[in-house]
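Read off the chains here:
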Amino acid sequence: MSQDFRLAQGGRIDREKPLRFLFDGHAYEGFAGDTLASAMLANGIHLVSRSFKYHRPRGIYGLGVEEPNALVETGIGAGIEPNARATTVELADGLIANSQNRWPSLRFDLGAVADLASPLLSAGFYYKTFMSPAGGWKIYEWLIRRAAGVGHAPELPDPDRYEHSYAHADVLVVGAGPAGLAAALAAGRAGARVMLVDDQVEPGGQLLNTPYAINGRPAPEWVAEATAELDRLPDVRRLARTLALGVYDHGYVACVERAIPVSQGRVRWRERLWRVRAKEIVVATGAIERAIIFDGNDRPGTMLASAARAYAVRYGVAAGQRAVVFANNDDAYRTALDLANAGVEVAAVVDLRHDLSGALPGMARERGLRVLAGHGIVGGRGRTRIKAVEAAPVDDPSNRQVIECDLLAVSGGWNPALHLYAHAGGKAAYDSGLAAFVPGAPAERMTIAGAAAGRFQLADCLADGARLGAEAARRAGFSAGPALVLDAPEPEPDSRIGPVASPSRGGKRFVDLHNDVTEADLRLAVTEGYRSVEHAKRYTTWGMGPDQGKTGNILGLNVLSDALGQPVPQVGTTTFRPPYHPVSFGALAGRETGDLVVPTRKTPMDSWHAEAGALFEPVGQWRRAKAYPKPGESLHAAADREVRAAREGVGLFDASTLGKIDMSGPGAETLIERVYCNNFASLKPGHARYGLMLGEDGMVKDDGVTARLGPDHFHMTTTTGGAAGVYVWIEDWLQTEWLDLEVFLTSVTEQWAVATLSGPKARQVLGPLTDVDLSAAAFPFMSFREGRVAGMPARIFRVSFSGDLSYEINVPARHGLALWQALMESGRPHGITPYGTEALHILRAEKGYIVVGHETDGTITPADLGMEAMVSKKKDFLGRRSLVRSGMSGPGRKHLVGLMTKDPARVLPMGAQILERPSEARPVPMIGHVTSSYHSPTMKRGIAMALVKNGRARMGDTVYLPLLDGPTVAAEVVKPVFYDPEGARRDG
Amino acid sequence: MLLIPCPYCGERAEGEFRYGGEAHFRRPDNHLEATDEAWADYLFMRKNPKGWHRERWMHLAGCRRWFYVVRHTITHKIATAYKVGDAHPDLPA
Amino acid sequence: MTVECAPLDNVVRPGETNGPSGIALTDRRFVGQVNLRVRGSGLTAAGHALGYALPMAANTTAGDATSRACWLGPDEWLIVCDDGKQAELIQQLSAALAIDPNAVTDVTDARAVLRIAGACARPVLAKGCTLDLHPRVFGADRVAQSLIARAQVMILPIEGGGYDLFVARSFAGYLWDWLLDAGAEYGIRVEG
C-alpha cells in the first residue's frame, strides 16, 4: 500500500528518506520525521485498537501523550514494548507494531460481543455482579483480565540498557514551544544554566504548524534561529525526546529521554531518566485540546482538531479526504482553514454556538467554507471508519442532516497542561470563560508561561516566556540583558466558548475513551450516591486510564456539575500525580540491576577465599566466607570439619569486617564508661575488655571488645552489622549532649585487616612469625601487643570468640592478604584450616556467647541474657535509668537458656516457637523461641540457644517445639554453655 | 528527594543524610532520679505535628555533623537549618 | 618484603578498554592519608606542622608540594600525601599537637583512590552523584564528600580535569565496576 493520504507537498517529513514498517503483519511505508501514527494515517489506517471494556473499534485520536486509543505493541521477542502510543513512537526503518486487545483480528474481534452486552456493563457492573460466590472472584478476575485491558508484558528479560543522570539547572524550562523557547533564550542570554526539555523530536511545538509569523518571518525559521542560538550558549542544555514526568520537592524534576531510534541493532541505551535539581522551573507545557460529548463520539476517523491540523501541516498527511470540523470555539476555525489550505475538502464546520462574530469564523466563511452555527453532531455512520455525521440544530435535534465525511475533527476548547504545577502543590482555579482550569496561587520555584497559563495567543506565549525566563534567571542570581521583544500578529479570536456537549439522541457518549466511561456512567454514579468527584472517578474509572483523562477530565466534570446541580469549581477537580505519562520500569531501575543493585563489600583477603572455593554469605553489604567446602563436601560437613580443626588444632578466620573505632582525647575514658554498661575505668593500657552497650531504653544494642591503647586512647570494636549505627550514635551523644567531652572518633574499620588464629596450636603457628613473646605469662588473655608479624606492623589482641586460645591479628589492610598467606604457610605443619562464619557461629554457640541480633532483638536486657553481674552498679551509663523501670526485671521476662533436644541428632530450626506442653488448646501460649541452633561437632549433638519466659527457673524442664513441617520435638532446658564451662581452654 | 541545607556543607540531597526525629527533647536532669513517667516521656514520646517541625538530621555521607532543621511536614518546605548550640529560630507563621 | 595488595589488584586490567575512549580510569593503589581531628588552639599548631593553614571553609582544600589538607568537617581534615610520607606527617602533627586534644590517625589503607579523567568524567559521575560538579560551583580548591551510586566517596578535583575518588577499601571493587559500567557509553580506558 502506498501513502495514499500523503499530501503532495508540505510537512516537515523527509520525503527522500522512506522508511518501511509493519503493522499487524502488513508492510507499509512512511518517511523520516513521521511518527507511527502519522505514517499509519498516511496509509489510510485509522482503526488501530479495540477499546478497553467494550472492544469497540477505535482510531488514532490525538497527536502525542494525550492519545487515549492508539495503544500498540512495538518490537518483537524480548524487545516488545506494550502500550506504546502510536502518536509518540518515532518511525524507524523496520519498525514492527501490532494492535492489542483483539482476537482473532483487529477488524473482526470476538471480544466485541462485550459491546452488544454493554447495557449490562455500566459503571459498577463488576462490583455488583461478581460479589458471589465467595472466592469466585479469583476465577472471574482471570476471565475479566483476559477480556479487558491493554497489552501483554514481555516475558523475556529486557535486553536494553536504561541510564540515569543527575543534572543541575538554574532554570529548567519544560516545553520548547513559543513560550518555552522564549523563556530559555531569555534565561540563557542572562548567563543562567538552562535546561530545556521537550518531548518532541523537533523543538517548536505549535510553531511547527502555525501559519503566522514571528518578527515578520515564518515561525519555523524563528524556531531554527532560536534553537541554534541556544545550542551555542555553553551553559544551555537542550534535550529533545525528553518528557518531564513529575515535579517533586525542592525543585526536583524527573524527566525521561528516549533514544534516537535505530533501524538495525540496538541503541546504546533506550531511555535515560534525568533527575534534575532546578532552582527555578518555567512550565511551558502548552495546552491539550479536549473533545466534545456527542452520540457516537468514538468512531475511528474522529480525532482532535489540533491533531488533524498538525498531521496536515507538520506531517503532510490528510487524516481524511473530506472533513467535518465540530467546534465550540474559534480556534477550531484555524483547523478548518489549515485543512482547506493543505488541500483537504472541508465539508462543514458545525459549531454549537449561535453567535459567530469573531474574525476566524469570518475568515472561514470568506474562504467559502460551510458553517453551521448553532448546530451539533447528533450521530454518525460507519463502524470501523466514519462515513458520515448527522448534524442538527441545537434547539431541534431531530431535524437531522447527513454530511458525508471520512474525518471528523473535534475541538472542545483547550486545557492548559497543569500537571507539573499540580505536582508542585499548585491549586488550579476554574476559568469559566475558557471552561478550563488555569494556575491559581504560585507553586514553589515555578512559573507558568503561555498556553499552560491559559494564554493561548502566540504573542502572549512569546511575551510570557521572555518575561518569565528573564525573571527566573534573575531569581537564580543572573541579571538579564535587554528584554527579548517578539512580535507575532495573528487574528484576534473570540474567546467565548460554547457548551462541551452536543444534544443527545440516546447513543453512546464517551467522556473517557480509554476506559470506556460514558456520560451515562457518570450520571449513574451520582444517582447511586457517588457525589464526590473522587468517588465518582473511582466508581466509574473515569480519568484512571494510562492517559489519566487528558482529553476527558473537563468533560466529566461538566457532566457531574450538571448531574449534581453544582458549578464546576464546586464539583472540584481530581489531583494530578506523577508521572504525567506512563514510564517504563527499565527507566526507573536504570543500571541498578544485577551486581550493581547493592555494593558487595570485600575484605582484603576476599580473593583468597574465592580461590579456595569458599561458599560466601552476605552479612549486611559484606560478603563473608561461610565455609570452605572441599569438592563434594556439604556446607554442614565443611563446617563440622572447620570446627574440629579450631578446637583440636588450629583454624584461621577472616574477621576484617568487624567495626573499629579509634577514640582519642582526654575525654575518651569517660566516653567509654558512658557507652558501655560495664566498667572500663579500671582497664589498664595494653589490655582489652568485652563491653556491652545498651540503648537509652536499657536494651542490648551492640557489643564488642575494646582495647586501651594508651591513657586517652582506645580501640573499640563493634559488630559487623552495627558498625555504622554505633558510630553515628556515639557521635550523636558527643555532638549534641556531651559537648564538654574532648574526644575524637575516627572510623578505622577499613584500615585494618584482621585474621583470627584460633585453637590450641595457635601459638605454634604465630610464634615463628612474630617478635612478640606469646607465652601466657608475657601475653595473657585479654591483652594486646604491638609488634611485627611476618615483617608487617601488627596489633595482636588475645581475645577469644571460640573459647579456645585465640589471637586476633590486625595489620594495615594492604598487608591483609600477605598476612593470611603467611599464617597459612606457617600453619601448614599443624594442619591449619580456614574457617568461615558458619563454624564461627557453632564455636561461639558451643560456648554460649551471644550474637547481637540473634540472641537480642531490641527487647532484651543484660539480665535477660544472664549478664547482669557485669553491669556496673557504681557508674552512670546510657540505659542505666531504664534498667529500673517496671517490667525490666522480675518474673515474666524471657531468659537466655540452652536447649538440648532429647534426640541428639535433631537440630532445631532457628526461630522455632517453644511450648510448655506438647499439645495445647488454641490459641497456643508460646513461651519463647530458638535464637541460635547448630549441630555441634564438639558435643556430637544438636545444641540451641533460646529465649524462654522465666527460663532460668526452668532448668531441667522439658519444653516442646512444634515444627512447621514435622513432629513436635521435646528438648531439655539447660544452661547456655555447652562446652568447657570452666573456661580452661582459652590459654591453650 | 528533599534538598537539605546542611549548616556546614550547604544544600545536599536527602540521600546523604540520616534522620533523627524530633529535636530538642530534653533528657531529664538528674535522670537517675527521674520519675518513671518523666523517663518514659523522654524515651518514647515524640511530637508528630502537622506543620512546622524542628528535627534532627545527620550529614552521614558528608561532614558527619548532627544539626537541626525546621521543616514543614505537609509541604516539606524547609525554613532554616542551624547548628548545635545556635539559638533556636522562631517557627514560621 | 611482603607483596602489597591494593584493593583492585584483582580486577584492574591495564590497557583494556571497552569503548572508543573519552574517559581514563586509574587505580592509584596507595595514597598517603592521615585523618586529623583537632580544634581550638590546636588548629594553629597543626598549621605550623603542615607548613600551611588548615582550610577552614567547608569543602575546601589547602596544601603545598608535599601534602594537601581536605576539609571533612568543622574539626576534621584528611591530609593527603604520597604513600610512604604519612608516617613523617603523623610524627610532625603529633609532636606539634602534644598539648592539644587531637586525633591523628593513619587511614592510608582504609581508602582506595580511583582517578577518573577525561572530558566525560563529569557526566559519568553525574550518573550516580547528586552533587553539582560544574566548575563554576566545584572549582580546583574544592573537595566534597558525597555518594556515588551506593558508595560514600570523597571527590577531589585534579589538575587538567577529572577527579580522584577516595572510597572505602571494601567498596572499591563495587565503585570500579560501577564506573566501568557508567562510563561504557562514553568509552572508558583503564590505565595502569
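Enquirer: Any chance you could explain the overall build of chain A here in plain terms?
Expert: Looking only at helices and strands, one finds 24 helices and 49 strands in chain A. Compactness check: chain A gives a C-alpha radius of gyration of 38 Å against a globular reference of 30 Å for 988 residues, more than 25% above the reference. For chain A, long-range pairs separated by at least 24 residues make up 67% of all intrachain contacts whose partners lie at least 6 apart in sequence. A total accessible area of about 37700 Å² is found for chain A, and carbon and sulfur atoms account for 54% of it. For chain A, the separation between the mean place of its 109 positive charges and that of its 110 negative charges on side chains is 4 Å.

Enquirer: Would you explain the interface of chain C and chain A in this entry?
Expert: Size of an interface, as often reported, equals the accessible area lost when the parts are brought together. Contacts between the two partners involve 45 residues from chain C and, on the opposite side, 49 residues from chain A. Overall, the association of chain C and chain A removes approximately 3900 Å² of surface from exposure, summing both partners, and the carbon and sulfur fraction of that is 48%. Summed over the shared surface of chain C and chain A, the result is 12 salt bridges. Applying the counting criterion to the chain C and chain A interface returns 30 residue pairs in polar contact (both at pLDDT 80 or more). Only strand E2 (31–38), strand E6 (102–106) and helix H4 (172–183) of chain C provide two or more residues apiece to the side of chain C that touches chain A. Broken down by class, the residue content of the side of chain C that touches chain A amounts to 19 nonpolar, 11 polar and 15 charged.

Enquirer: Looking at this structure, how should I read the sheet that holds strand E4 (residues 52–58) of chain B?
Expert: What the 4 strands build is an open sheet, ordered E3-E4-E5-E6 (chain B); its pairing is antiparallel. Only two strands of the sheet have a single partner each, and these edge strands are strand E3 (18–22) and strand E6 (78–83) of chain B. Pairs of neighbouring strands in the sheet enclose a mean axial angle of 30°, with direction left out of account. Note: strand E5 (residues 66–72) of chain B against E6 of chain B, 5 bridges, orientation antiparallel. When the bridges of E6 of chain B are listed, Phe-67 of chain B appears paired with Lys-83 of chain B. Docked against the sheet, helix H20 (residues 723–736) of chain A engages E3, E4 and E5 of chain B, running at close to 90° with respect to E5 of chain B.

Enquirer: Whenever I open this one, the packing of helix H7 (residues 305–313) of chain A against helix H8 (residues 331–342) of chain A confuses me. Can you help?
Expert: Relative orientation and spacing of two packed helices are given, respectively, by the angle between their axes and the distance between those axes. All names here are of chain A. Interaxial distance between H7 and H8 falls to 9 Å at its minimum, and their mutual angle equals 30°. When the axis of H7 is compared with that of H8, the two are roughly parallel. Crossing of H7 against H8: the hand is left-handed. Note on element contacts: H8 touches H7 through Asp-331, Arg-334, Thr-335, Asp-338, Leu-339 and Ala-342, opposite Ala-305, Ser-306, Ala-308, Arg-309, Ala-312 and Val-313. Split by residue class, the contact of H7 with H8 holds 6 nonpolar, 2 polar and 4 charged.

Enquirer: I tried to follow the sheet that holds strand E24 (residues 407–411) of chain A on my own but got confused; where do I start?
Expert: Residue and element names in this part refer to chain A. The parallel open sheet is built from 5 strands, whose spatial order is E17-E24-E18-E19-E20. The open sheet has two free edges, formed respectively by strand E17 (302–304) and strand E20 (371–373), since each of these has just one partner strand. Between one strand axis and the next, the sheet turns through 20° on average, direction left out of account. The pairing of strand E18 (residues 322–327) with strand E19 (residues 345–351) spans 6 bridges and is parallel.

Enquirer: Just checking my understanding: could you explain the interface of chain C and chain B for this structure?
Expert: With 16 residues of chain C at the contact, the number on the chain B side is 13 residues. Between chain C and chain B lies a buried interface of about 1100 Å² when both sides are counted; carbon and sulfur atoms form 47% of it. For the pair chain C and chain B, the number of links is 3 salt bridges. A salt bridge links Glu-76 of chain C to Arg-64 of chain B; the nearest nitrogen and oxygen atoms lie 3.3 Å apart. One can count 6 residue pairs in polar contact (both at pLDDT 80 or more) joining chain C with chain B.

Enquirer: When you look at the packing of helix H5 (residues 178–189) of chain A against helix H6 (residues 219–232) of chain A in this model, what are you seeing that I'm missing?
Expert: Residues and elements named next belong to chain A. Between H5 and H6, the least distance of the axes is 10 Å, while the angle of their chain directions is 35°. When the axes of H5 and H6 are compared, the crossing they make is left-handed. Residues Pro-178, Leu-181, Ala-182, Ala-184, Leu-185 and Arg-189 of H5 lie in contact with H6, whose contacting residues are Trp-222, Val-223, Ala-226, Thr-227, Glu-229 and Leu-230. Each residue belonging to the contact of H5 with H6 can be placed in one class, and the counts come to 9 nonpolar, 1 polar and 2 charged.

Enquirer: How should I be thinking about helix H11 (residues 458–475) of chain A in this particular structure?
Expert: Residues spaced three or four apart along an α-helix face the same direction, because each turn holds 3.6 residues. All names here are of chain A. For H11, with 18 residues, the first-to-last C-alpha span of 26 Å sits near the 26 Å given by 1.5 Å per residue. All of the buried residues along H11 are Leu-458, Cys-461, Leu-462, Asp-464, Gly-465, Ala-466, Leu-468, Gly-469, Ala-470, Ala-472 and Ala-473. Looking at the buried positions of H11, the neighbouring elements they touch are strand E8 (162–174), H5, strand E10 (213–214), H6, strand E15 (271–283) and strand E28 (446–448).

Enquirer: Would you mind going over unusual backbone geometry with me for this structure?
Expert: Glycine aside, residues mostly have negative phi angles, and peptide bonds mostly take the trans form. All names here are of chain A. With omega at -5°, the peptide bond leading from Pro-578 into Pro-579 counts as cis. Following the sequence through the fold, Pro-579 ends up in the loop between helix H15 (568–571) and helix H16 (585–589). A cis amide bond links Arg-922 with the next residue in sequence, Pro-923, at an omega value of 0°. Relative to the helices and strands, Pro-923 resides in the loop between strand E45 (913–914) and strand E46 (928–936). Its identity as a non-glycine residue notwithstanding, His-55 has a phi of 55°, on the positive side. You can see His-55 is positioned in the loop between strand E3 (47–50) and strand E4 (57–59). Judged by its relative accessible area of 5%, His-55 falls in the buried class. Residue Thr-541 is not a glycine yet carries a positive backbone phi of 70°. Within the fold, Thr-541 resides in the loop between helix H13 (533–540) and helix H14 (553–564). Relative accessible area serves as the criterion here: at 28%, Thr-541 is assigned to the partly exposed category.

Enquirer: Which parts of the structure should I look at to understand the nonpolar core?
Expert: Nonpolar side chains in soluble globular proteins tend to be buried together. Counting residues in hydrophobic clusters, the biggest one holds 153 residues, and the most contacted among them are Phe-23, Leu-36, Leu-172, Trp-222 and Tyr-311 of chain A. Those residues in contact with Trp-222 of chain A that lie beyond four places of it in its chain are Pro-178, Leu-181, Ala-182, Leu-185, Leu-207, Ile-214, Leu-462 and Leu-486 of chain A. In this structure, Cys-120, Val-167, Tyr-174 and Leu-180 of chain C belong to the second largest nonpolar core, which totals 34 residues.

Enquirer: Quick question: what am I supposed to make of the packing of aromatic side chains here?
Expert: Between two aromatic rings, the relevant description is the distance of the centres plus the angle of the planes. All names here are of chain A. A full pass over the atoms with the stated rule returns 21 aromatic pairs over all chains. Between Tyr-430 and Phe-437 the ring centres are 5.1 Å apart and the planes differ by 65°, which places this aromatic pair in the edge-to-face class. You'll find Tyr-430 and Phe-437 in the same group, each marked buried. Aromatic pair Phe-784 and Phe-797: ring centres 5.3 Å apart, planes at 20°, arrangement stacked.

Enquirer: What am I meant to see in a nonpolar patch on the surface here?
Expert: Residues Trp-103, Phe-108 and Leu-110 of chain A make up a contiguous nonpolar surface patch of about 380 Å² in total accessible area. Positionally, Trp-103 of chain A belongs in the loop between strand E7 (95–99) and helix H2 (113–116).

Enquirer: When you look at the environment of Ala-123 of chain A in this model, what are you seeing that I'm missing?
Expert: Structurally, Ala-123 of chain A is set in the loop between H2 and helix H3 (125–129). Once the C-alpha coordinates of Ala-123 of chain A and Asp-864 of chain A are considered, the two residues, 741 residues apart in sequence, prove to be 60 Å apart.

Enquirer: Please clarify how the environment of Thr-720 of chain A should be interpreted in this entry.
Expert: Residue and element names in this part refer to chain A. When you line up the elements, Thr-720 lands in the loop between strand E37 (713–718) and H20. For Thr-720, a relative accessible area of 13% gives the class buried. With near-sequence residues (within four places) excluded, Thr-720 lies in contact with Val-619, Trp-622, Arg-624, Thr-657, Leu-658 and Gly-659. At 3.5 Å, the side chain of Thr-720 and the side chain of Arg-624 are in polar contact. Looking at Thr-720, its side chain comes within polar contact range of the side chain of Thr-657, at 2.8 Å.

Enquirer: Which parts of the structure should I look at to understand the state of the cysteines?
Expert: All names here are of chain B. Tallied over the entire structure, the rule returns 0 disulfides over all chains. We note that Cys-6 lacks a disulfide partner, and the nearest cysteine sulfur, in Cys-63, lies 3.7 Å from it. For Cys-6, a relative accessible area of 3% corresponds to the buried category. Of the cysteine sulfurs around Cys-9, a residue in no disulfide, the closest is that of Cys-63, at 3.8 Å.

Enquirer: Just to check I follow, could you spell out the side chain of Asp-298 of chain A for this structure?
Expert: Residue and element names in this part refer to chain A. As for its position among the elements, Asp-298 is in the loop between strand E16 (287–289) and E17. On the basis of relative accessible area, Asp-298 is assigned to the buried category, the value being 5%. Among the polar contacts listed, one links the side chain of Asp-298 to the side chain of Arg-58, at a separation of 2.9 Å. Residues contacting Asp-298, with those up to four places away along its chain left out, are Arg-56, Pro-57, Arg-58, Phe-510 and Leu-513.

What counts and how
- Residues numbered from 1 in each chain as written.
- Chains lettered and ligands numbered in written order.
- Predicted model: local features only at pLDDT ≥ 70, side-chain atom pairs only at ≥ 80, totals over all residues.
- Heavy atoms only, no water.
- Helix = DSSP H or I, 4+ residues; strand = E, 2+ residues; numbered from the N terminus.
- Rg over C-alpha atoms; globule rule 2.2 N^0.38 Å.
- Contact = heavy atoms within 4.5 Å.
- Areas by Shrake-Rupley, 256 points an atom, 1.4 Å probe, with all protein chains shown as cover.
- Lys, Arg positive; Asp, Glu negative; His and termini not counted.
- Charge placed at Lys NZ, Arg CZ, Asp CG, Glu CD.
- Buried area = accessible area lost by both parts, 1.4 Å probe.
- Salt bridge = Lys/Arg side-chain N within 4 Å of Asp/Glu carboxyl O.
- Polar contact = N/O pair within 3.5 Å; in protein donor to acceptor, adjacent residues only side chain to side chain.
- Nonpolar A, V, L, I, M, F, W, Y, C, P; charged D, E, K, R; others polar.
- Pairing = 2+ DSSP bridges.
- Axes fitted to C-alpha atoms, helices over the stretch in contact; angles between N-to-C directions.
- Parallel < 35°, antiparallel > 145°, perpendicular 65-115°, else oblique.
- Left-handed = near helix turned anticlockwise from the far one by under 90°.
- Expected span 1.5 Å × (residues − 1).
- Buried < 20%, exposed > 50% of the residue type's maximum accessible area, 1.4 Å probe, protein only.
- Core = buried A, V, L, I, M, F, W, Y, C linked by side-chain atoms within 4.5 Å.
- Phe/Tyr/Trp six-rings, centres within 6.5 Å; stacked < 30°, edge-to-face > 60°.
- Patch = residues over 30% accessible without salt bridge, like charges linked within 9 Å, V, L, I, M, F, W, Y side chains within 5 Å.
- Disulfide = S-S within 2.5 Å.

Structural measurements only, silent on function.
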